[in-house]
Amino acid sequence: MIEYNEMLEVINEDCLEFIFIFDESGNIISCSDKAAHSIGHRAGEVQCKFEEIFSGLALEELRDGDVVCSNIYRKNKTCFPADIKLKKLKNGNFMIFAMDRTESQNLSRELAASKEELKEEIKYKTEFVSNITHELRTPVNGIQGMAKNLMSTELSPYQLETVRIIEN
């Protein structure tokens, strides 16, 4: 059986999400190593408030268990998009679980750009095929017309067979 402190240590060091723990006033109590690193701090040295990390997100607007999209602000005032979930604890403190959405947003942008590029390529291909079809139709129609004219003339059996092949 895993020991409670060992479990907390593993979660702190290896969790894929960012975990922040705040008191009821919004002062940070603790955060996972990944969370500290993501906002530009050393593990165990984060001294800031909820409003500094989640600027523009009102704590009183968050309900227990709701997931919202917001930005997480780093120490240097740059930010990155994240999905954020608040969980209230019995002692009045609360935890924030967050997932960085930078990569998924970049992939979404790349996908949208690829779709636009594909639409353009399909448009050019369709236009090309249309032009080629038009360019071929005129001479083929001329050849078929000449073949019909030849059918009304006196032809040898070999010539007649050849003109029928052309006509078909």
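Scroll up a little and you will see the structure.
Cut-off values and rules
Residues numbered from 1 in each chain as written. Predicted model: local features only at pLDDT ≥ 70, side-chain atom pairs only at ≥ 80, totals over all residues. Heavy atoms only, no water. Helix = DSSP H or I, 4+ residues; strand = E, 2+ residues; numbered from the N terminus. Rg over C-alpha atoms; globule rule 2.2 N^0.38 Å. Buried < 20%, exposed > 50% of the residue type's maximum accessible area, 1.4 Å probe, protein only. Contact = heavy atoms within 4.5 Å. Areas by Shrake-Rupley, 256 points an atom, 1.4 Å probe, with all protein chains shown as cover. Patch = residues over 30% accessible without salt bridge, like charges linked within 9 Å, V, L, I, M, F, W, Y side chains within 5 Å. Salt bridge = Lys/Arg side-chain N within 4 Å of Asp/Glu carboxyl O.

Trainee: I tried to follow the overall build of the chain on my own but got confused; where do I start?
Mentor: On a plain count of helices and strands, the chain comes out with five helices and five strands. Listing the helices and strands of the chain from first to last along the sequence gives α-β-β-α-α-β-β-β-α-α. Relative to its length of 168 residues, the chain is extended, with a C-alpha radius of gyration of 35 Å against a globular reference of 15 Å. Considering only C-alpha atoms, the chain reaches an extent of 105 × 40 × 30 Å along its principal axes. When each of the 168 residues of the chain is scored for burial, the buried share is 22%. Considering only residue pairs separated by 6 or more positions, the chain has 32% of its internal contacts joining residues 24 or more positions apart. Accessible surface for the chain amounts to roughly 12500 Å². Of this, 54% is attributable to carbon and sulfur atoms.

Trainee: Explain a nonpolar patch on the surface here, please?
Mentor: Taken together, the side chains of F128, V129, I132, L136 and V140 make up a nonpolar region of the molecular surface, amounting to roughly 460 Å² of accessible area. Given a relative accessible area of 54%, F128 falls into the exposed group.

The values reported here are purely geometric and, on their own, carry no functional implication.
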